[in-house]
Amino acid sequence: MNRKRQNNQQVLALEPKDRGEAPAHGDEETEPFMAKSATENSAFTEQLMEEVCDRENLERAWKRVKRNKGSPGVDGMTIDDAKAFLRQHWPNTRSQLLDGNYRPQPVKRVEIPKPDGGVRKLGVPCVVDRLIQQAMLQVLQERWDPTFSEHSFGFRPGRSAHQAVAQAQRYVADGYNVVVDLDLERFFDRVNHDILMSRVAARIPDKRVLKLIRAFLNAGVLEDGLVRPVDEGTPQGGPLSPFLSNIVLDDLDKELARRGHRFCRYADDCNIYVRSHHAGERVRASISRFLTDKLRLKVNEAKSAVARPEERKFLGFSIANDGSERRIAHRMARVLRLLSDPARANEPGSLDPPETAFVSLAAMAERA
């Protein structure tokens, strides 16, 4: 452990100094459409926690948490409260992180309405834990993201739902006009911790980081005044959860690519495009078995289907069977914003009135 570096960083100034700063990785508005693949060689070191606790990394993380706002967690601490708390207590918190002894607090259960009815359950961490998760995310994502599939679009820097639908529309226009629409039942609540941690441990040698990720997974959920223990799932609401979900589903992406399938995935929404209904049923059955046997995930058979693109919605869009146009329900706009910044999902506000619009393939190509 680099003690000299620790001694130079005993006090964290959460507000960055008045100086120019390059945009944080992942904050850019636009980036090239296709992500470049990278070899999965381990670029991580045993000093990863020192990078997480680096002053500049923490300043970037604080700016992101502050910009996302969000409500307090179980400790009732607001953004402003956390700022004052960290000025006084950060040296102790940092020492706990570097020693591998930090214990996150349980997340607070928050419910938001789904556009098709029902509610989505989120787990909102306290502000200090959001800061630490964001700092970890910035370090891990910078190295890990280039190894993810080019067909994965959710919760990744420079990639979006619109790009996913654009790619799907191109598949349909190319004649792959039958979609295998897979719905993973309560995916974020059912991620197997051991499978996830085995993937993480294969790339990260810093035992303190592994211990902290496991601690966040097992922190528990405060609901109806009681803390419920958690032994599976990555509760939506914290900065780290979407990244961890992509690590798990990267296995699915690699299996689909190995089989030569044309597919688009945005978080747990995955569509596979084939040329015939018969091929679609075969793919649906085999991939469902893969998800169950290899990842311990359950496919919701009632909500999954093999159908024409016009009959299904992908991220709020339905695509014409010839790929010439797509239709979007504008009330999905707020939902897509929440997917980009899940920590803001507890903010009040209703969905926009349902409207629809048609976008031609040519117009979409100009946007992509």
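Residues numbered from 1 in each chain as written. Predicted model: local features only at pLDDT ≥ 70, side-chain atom pairs only at ≥ 80, totals over all residues. Heavy atoms only, no water.

Caption draft 1: Main features of the environment of Met77. On the secondary structure map, Met77 appears in the loop between helix H3 (55–68) and helix H4 (79–99). Taking the C-alpha atoms as reference points, Met77 and Val127, 50 residues apart in sequence, are found 6.8 Å from one another. When sequence neighbours within four positions are dropped, the list of residues in contact with Met77 reads Pro72, Ala82, Phe85, Val127 and Val128. (Helix = DSSP H or I, 4+ residues; strand = E, 2+ residues; numbered from the N terminus. Contact = heavy atoms within 4.5 Å.)

Caption draft 2: Spatial organisation of the sheet that holds strand S6 (residues 262–266). Taken in spatial order, the 4 strands line up as S6-S7-S3-S8 in an open sheet, and their pairing is antiparallel. Because the sheet does not close on itself, it has two edges, and the strands there are S6 and strand S8 (305–307). Neighbour-to-neighbour, the strand axes of this sheet turn through a mean angle of 15°, independent of strand direction. Across the sheet, helix H10 (residues 240–258) lies against S6 and strand S7 (269–274), angled at about 170° from S6, the strand it touches most. (Pairing = 2+ DSSP bridges. Axes fitted to C-alpha atoms, helices over the stretch in contact; angles between N-to-C directions.)

Caption draft 3: Up close: the sheet that holds strand S2 (residues 119–124). The mixed open sheet is built from 4 strands, whose spatial order is S2-S1-S4-S5. The open sheet has two edge strands with one neighbour each: S2 and strand S5 (226–228). Averaged over all neighbouring strand pairs, the angle between strand axes comes to 45°, with direction disregarded. With 3 bridges connecting them, strand S4 (residues 221–223) and S5 associate as antiparallel partners. Residue Glu223 lies in a different strand from S5, and its bridge partner there is Leu226.

Caption draft 4: View of unusual backbone geometry. Even without being glycine, Lys69 reaches a positive phi, approximately 60°. Structurally, Lys69 is set in the loop between H3 and H4. On the basis of relative accessible area, Lys69 is assigned to the exposed category, the value being 53%. Residue Phe155 is not a glycine yet carries a positive backbone phi of 60°. Looking at the secondary structure, you find Phe155 in the loop between helix H5 (127–144) and helix H6 (161–173). (Buried < 20%, exposed > 50% of the residue type's maximum accessible area, 1.4 Å probe, protein only.)

Caption draft 5: Spatial organisation of the pattern of salt bridges. Following the criterion strictly, the structure yields 19 salt bridges and no others. For the salt bridge of Asp250 with Lys254, the shortest nitrogen-to-oxygen distance reads 2.3 Å. Of this pair, Asp250 and Lys254 both sit in helix H10, 4 residues apart, which is roughly one turn of the helix. Its relative accessible area of 6% is what places Asp250 among the buried residues. (Salt bridge = Lys/Arg side-chain N within 4 Å of Asp/Glu carboxyl O.)

Caption draft 6: The pairing of strand S1 (residues 107–113), seen in detail. Bridge analysis of S1 against S4 gives 2 bridges, and the strand direction is parallel. Looking at S4, one finds that Lys108 is bridged to Leu222. The pairing of S1 with S2 spans 6 bridges and is classified as antiparallel. From the neighbouring strand, Pro113 faces S2, where its bridge partner is Val119.

Caption draft 7: Region of interest: the confidence of the model for the chain. On average, residues of the chain score 80 in pLDDT, and 76% of them reach the 70 mark or higher. Taken together, the stretch residues 1–39 has pLDDT below 50 and engages in 72 contacts with residues farther than four places along the chain or on a different chain. pLDDT under 50 marks residues 338–368. Its contacts with residues more than four places away, or in other chains, come to 67 contacts. (pLDDT = per-residue confidence, 0-100.)

Caption draft 8: Seen up close, the environment of Ile319. If you trace the backbone, Ile319 turns up in strand S9 (residues 317–319). Accessibility expressed as a relative area gives 5% for Ile319, which makes it buried. In this structure, the C-alpha to C-alpha distance between Ile319 and Gln169, residues 150 residues apart in sequence, is 6.4 Å. Non-local contacts of Ile319, meaning those with residues more than four positions away in its chain, are made with Val165, Ala168, Gln169, Val172, Pro309, Glu310, Glu325 and Arg326.

Caption draft 9: Expanded view of the packing of H3 against H5. Where H3 meets H5, the closest approach of the two axes is 8 Å, and the angle between their N-to-C directions is 125°. Classified by the angle their axes make, H3 and H5 are oblique. Handedness of the crossing formed by H3 with H5: right-handed. Two secondary-structure elements touch here, H3 through Asn57, Leu58, Arg60, Ala61, Trp62, Arg64 and Val65 and H5 through Val127, Arg130, Leu131, Gln134, Ala135, Gln138 and Val139. (Parallel < 35°, antiparallel > 145°, perpendicular 65-115°, else oblique. Left-handed = near helix turned anticlockwise from the far one by under 90°.)

Caption draft 10: Focus on H6. In this model, H6 (13 residues) spans 18 Å end to end at C-alpha, consistent with the 18 Å of a helix rising 1.5 Å per residue. Here H6 lies mainly inside the structure; 10 of its 13 residues are buried. The first or second residue beyond H6 is Gly175, which carries a positive phi of 105°. (Expected span 1.5 Å × (residues − 1).)

Caption draft 11: The packing of aromatic side chains, seen in detail. Taken as a whole and assessed by the stated rule, the structure comprises 5 aromatic pairs. Residues Phe148 and Phe243 carry aromatic rings whose centres are separated by 6.2 Å and whose planes lie at 55° to one another, so their mutual orientation is tilted. A residue pair is termed long-range when its members are at least 10 positions apart, and Phe148 in the loop between H5 and H6 and Phe243 in helix H10 qualify at 95 residues. A residue is classified by how much of its surface remains accessible, and Phe148, at 4% relative accessible area, is buried. For Phe243, a relative accessible area of 2% translates into the label buried. Centre to centre, the rings of Tyr171 and Tyr273 are 5.7 Å apart; their planes meet at 40°, and the pair counts as tilted. (Phe/Tyr/Trp six-rings, centres within 6.5 Å; stacked < 30°, edge-to-face > 60°.)

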